[in-house]
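Notes for the structure review
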Amino acid sequence: MTILRIERNASLDTFNTFGIAARAHDLLHVRSAADLQALSEQPELLSKGWLALGGGSNLVLTGDVRQLVLKIEIMGKALVDEDDKHWIVQAGAGENWHGFVEWTLQQGYPGLENLALIPGVVGSSPVQNIGAYGVELQDRFHSLDAVDIDTGRSFTLTAAQCGFGYRDSVFKHAPAKPGDHGLAGKAVITQVRFALPKQWRAETGYLDIQRKMAELQITQPTAQQVFDMVVAIRSAKLPDPAVIGNAGSFFKNPVVSAEQCRDIINREPNIVHYEMPDGTIKLAAGWLIDACGWRGKSMGNAGVYEKQALVLVNRFGETGVRATGGEVMTLARAIQTSVYERFGIRLEPEPVVV
């Protein structure tokens with residue numbers, strides 16, 4: 001029988017990048033699929049529910065956590081297969097995402113470089129369908145393994161079965177009725193595989209990358225050069241969570257119809273927007289927040305980052321007092337109200353609020 005490593009009254013301060021003070025009544029260090037499978041044999045541990053916790057980079061804790069916290073620490077990176085077109089690379093769900101991207105390039109497997117410096121772990125990446133600078137995880141995804149917490153059964157999902165959308169997947173939706181495909185609150189990812197292209201080409205469509213290429217006088221960047229440019233761009237815009245607590249981009253970029261966008265442009269000609277392949281328009285949430293005057297503002301010990309209005313931060317380093325989850329969400333709601341009143345657009349938070 002698998003011995004489960006459970007920690008009582010565990011501090012979560014260092015397990016969430018926002019640096020919010022909170023504790024877990026019970027925390028299980030998950031280092032293999034067998035640990036998750038063993039849970040189905042000890043249902044009393046799940047009587048209060050459970051919360052999967054990876055890097056804690058997409059999380060706002062509003063108090064102590066009564067559910068069983070599953071701290072995902074499944075490690076390992078390897079090339080597991082290849083064909084004429086792709087290398088199939090696998091990583092454990094607990095691997096640091098940025099470290100994994102670095103490793104793929106060191107091994108000569110390009111394709112993830114645009115996703116450099118995104119905080120979190122590999123197991124969280126399909127849940128959120130992470131994306132940046134013209135590449136989304138679904139563009140490089142092959143398959144994943146997960147465990148059904150209720151039954152202990154392991155299963156594999158392909159890209160089609162993951163139901164990927166913009167910052168969305170089947171893991172973010174609970175089943176509305178028996179037979180539905182939603183997996184929120186049902187399954188935990190253990191391994192993820194990526195199909196990385198042998199016929200690689202640089203994705204340089206985003207303006208920030210084009211500016212950086214011009215600055216560096218690069219016309220045909222290598223994958224490593226794209227990686228380095230993305231790291232430089234993100235580092236200039238986004239605070240290091242080890243220095244300033246934050247959860248990265250706090251709001252999703254809203255998507256509107258072309259007609260809605262034209263209406264907004266008539267009132268706000270400078271609004272930053274991007275046309276999507278399906279004809280809809282993605283608006284820059286950071287621009288909307290900035291236009292409402294929130295950049296650099298604070299409410300309590302939570303604030304809006306001076307260099308990027310899309311990022312909410314913990315002012316702990318300045319005030320000596322940690323922001324609470326309540327302060328963060330009060331600030332977030334105030335921003336949502338401002339943006340709606342001015343633009344008629346409802347901003348949706350990216351982080352999970354617990």
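Okay, so let's go over this structure. For clarity, every value in this text was computed on a predicted model and none was experimentally measured. (Residues numbered from 1 in each chain as written. Predicted model: local features only at pLDDT ≥ 70, side-chain atom pairs only at ≥ 80, totals over all residues. Heavy atoms only, no water.)

1. Examining the nonpolar core
Heads up, the rule is: To define a nonpolar core, start from buried Ala, Val, Leu, Ile, Met, Phe, Trp, Tyr and Cys residues and group those joined through side-chain atoms within 4.5 Å. Relative accessibility under 20% of the residue-type maximum defines a buried residue, over 50% an exposed one, and the middle range a partly exposed one, all with a 1.4 Å probe and only protein chains included. In this description a helix means any DSSP run of H or I spanning at least four residues, a strand means any run of E spanning at least two, and both kinds are numbered starting from the N terminus. What makes two residues a contact is simply this: any of their non-hydrogen atoms within 4.5 Å.
Of all hydrophobic cores here, the largest spans 43 residues; its most connected members are Trp97, Phe100, Leu112, Leu144, Leu157, Phe171 and Phe194. Among the secondary structure elements, those contributing two or more residues to this core are strand 7 (86-92), helix 2 (97-106), strand 10 (141-148), strand 11 (154-158), strand 12 (187-197), helix 5 (207-216) and helix 6 (223-237). Apart from the residues lying within four places of it in its own chain, the contact partners of phenylalanine 171 are Val127, Leu144, Leu157, Leu183, Ala184, Ala187 and Ile189. Counting residues in hydrophobic clusters, the runner-up holds 42 residues, among them Ile20, Val65, Val69 and Ile264.

2. Digging into unusual backbone geometry
Negative phi values dominate among residues other than glycine, just as trans dominates among peptide bonds. Despite not being glycine, leucine 117 has its phi angle at roughly 65 degrees, a positive value. Structurally, leucine 117 is set in the loop between helix 2 and helix 3 (125-128). A positive phi angle is found at arginine 167, which is not glycine, with a value near 50 degrees. Of note, arginine 167 is situated in the loop between helix 4 (159-162) and strand 12. Assessed through its relative accessible area of 10%, arginine 167 is described here as buried.

3. Re the sheet that holds strand 1 (residues 6-11)
Filter applied, for reference: Note on pairing: two strands pair once DSSP finds at least 2 bridges between them. Interaxial angle, 0 to 180 degrees, is taken between N-to-C directions of lines fitted to C-alpha atoms, where a helix line uses only the stretch in contact.
One open sheet accounts for four strands, arranged 1-2-5-3; its pairing is mixed. Pairing within the sheet leaves two strands with one partner each, and these edge strands are strand 1 and strand 3 (50-53). Going across the sheet, the axis of each strand differs from the next one's by a mean of 35 degrees, ignoring polarity. Bridge count for strand 1 against strand 2 (residues 23-30) is five bridges, and the pairing is antiparallel.

4. Comments concerning the pattern of salt bridges
Here is the rule we go by: Note on definitions: salt bridges are taken to be side-chain nitrogens of Lys or Arg within 4 Å of carboxyl oxygens of Asp or Glu.
Using the criterion set out here, one finds 17 salt bridges in the structure. As a salt-bridge pair, glutamate 306 and arginine 315 come within 3.1 Å of each other at their nearest N and O atoms. By relative accessible area, arginine 315 is classed as buried at 3%. In this structure, arginine 315 engages glutamate 318 in a salt bridge whose closest nitrogen and oxygen atoms are separated by 3.2 Å.

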